[in-house]
Amino acid sequence: MENRVEKKRAMNHKGFTLIELLVVMVILGLLAALVGPRLFGHVGAANQKAAKTQIEMLGSALDAFRLDVGRYPTTAEGLAALDTNPGIEGWNGPYLKKALPNDPWKRPYQYQCPGTHGEYDLLSYGADGAPGGDGENKDVDSWE
């Protein structure tokens with residue numbers, strides 16, 4: 001008789017009830033709703049900072065190109081001239097340690113030489129890929 005009672009008790013403690021599972025799911029949902037937006041808000045700011053850092057790195061490579069060649073790459077030559085010699089005398093590259101990066105939103109950086117804001121303009125249009133914008137959509141450029 002004692003053996004039956006022990007088996008019955010063991011069977012009653014083998015899993016979670018539906019109510020317990022629902023309570024845990026509700027708690028996890030509330031945590032995700034509170035913490036998620038804060039974490040995703042930081043992703044946009046991190047991408048903006050990464051773009052600014054990459055633009056500064058590309059600016060240093062452009063300056064090294066200018067020291068060797070005597071000018072910045074033309075708009076037609078583009079940033080690819082930092083990685084591959086387009087047939088320019090004095091080119092002593094590659095001027096980048098790794099391949100030419102895309103912006104954090106996986107689009108190529110926009111380059112123009114001569115620029116309207118300086119000797120060259122280098123920019124990313126942000127998350128939306130269009131000129132202007134605020135927050136994560138704000139343009140990141142070399143002249144600000």
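None of the values given here were measured: they were computed from a predicted structure.

Draft legend 1. Looking closely at the overall build of the chain. When its secondary structure is counted, the chain shows 2 helices and 3 strands. Considering only contacts in the chain between residues 6 or more positions apart, those separated by 24 or more positions represent 43%. Entry remark: accessible area of the chain is about 10200 Å², with carbon and sulfur atoms responsible for 59%.

Draft legend 2. Inspection of the nonpolar core at higher detail. Counting 22 residues, the largest nonpolar core has L62, F65, L79, L82, Y111 and L122 as the members making the most contacts within it. With 7 residues, the top contributor of residues to this core is helix α2 (residues 18-69). Each residue touching F65, except ones within four places of it in the same chain, is listed here: G70, R71, Y72, P73, A81, L82, I88, W91 and Y95.

Draft legend 3. Local environment of the confidence of the model for the chain. Summary statistics for the chain give a mean pLDDT of 84 and a share of 85% for residues scoring 70 or more. The element-level mean pLDDT for the chain is lowest in helix α1 (residues 2-12), coming to 59, with strand β1 (residues 110-112) highest at 94.

Draft legend 4. Just the side chain of D121, in detail. Within the secondary structure, D121 is located in strand β2 (residues 121-124). Of the side chains bearing the opposite charge, K52 lies closest to the buried D121, which forms no salt bridge; the N-O distance is 11 Å. Reaching out from D121, the side chain makes a polar contact with the backbone nitrogen of H117 at a distance of 3.1 Å. In this structure D121 touches Q110, Y111, Q112, G115, T116, S142 and W143, once residues within four positions along its chain are discounted.

Draft legend 5. Quick peek at the packing of aromatic side chains. Taken as a whole, this structure holds 4 aromatic pairs when the rule is applied. Aromatic pair Y72 and Y120: ring centres 4.8 Å apart, planes at 65°, arrangement edge-to-face. Of this pair, Y72 sits in the loop between α2 and β1 while Y120 sits in the loop between β1 and β2; the two residues are 48 residues apart in sequence, bridging distant segments of the chain. What makes Y72 buried here is its relative accessible area of 10%. Put simply, the rings of F65, W91 and Y95 pair up and form one aromatic cluster.

Draft legend 6. Broad picture of unusual backbone geometry. P94 follows G93 through a cis peptide bond whose omega is 5°. The residue after C113, namely P114, is reached through a cis peptide bond having omega 5°. With respect to the secondary-structure elements, P114 resides in the loop between β1 and β2.

Draft legend 7. Looking closely at the sheet that holds β2. The antiparallel open sheet is built from 3 strands, whose spatial order is β1-β2-β3. The two strands at the open ends of the sheet, each matched to only one other strand, are β1 and β3 (140-141). Alignment of β1 against β2, held across 3 bridges, turns out to be antiparallel. Counterpart to Q110 in the pairing with β2 is L123.

Draft legend 8. Just the pairing of β2, in detail. Of the two faces of β2, both are covered, the one formed by D121 and L123 as well as the one formed by L122 and S124. Pairing of β2 with β3, which is carried by 2 bridges, proceeds in the antiparallel orientation. Bridge pairing links L123 to D141 in β3.

Criteria and cut-off values
Residues numbered from 1 in each chain as written. Predicted model: local features only at pLDDT ≥ 70, side-chain atom pairs only at ≥ 80, totals over all residues. Heavy atoms only, no water. Helix = DSSP H or I, 4+ residues; strand = E, 2+ residues; numbered from the N terminus. Contact = heavy atoms within 4.5 Å. Areas by Shrake-Rupley, 256 points an atom, 1.4 Å probe, with all protein chains shown as cover. Core = buried A, V, L, I, M, F, W, Y, C linked by side-chain atoms within 4.5 Å. Buried < 20%, exposed > 50% of the residue type's maximum accessible area, 1.4 Å probe, protein only. pLDDT = per-residue confidence, 0-100. Lys, Arg positive; Asp, Glu negative; His and termini not counted. Salt bridge = Lys/Arg side-chain N within 4 Å of Asp/Glu carboxyl O. Polar contact = N/O pair within 3.5 Å; in protein donor to acceptor, adjacent residues only side chain to side chain. Phe/Tyr/Trp six-rings, centres within 6.5 Å; stacked < 30°, edge-to-face > 60°. Pairing = 2+ DSSP bridges.

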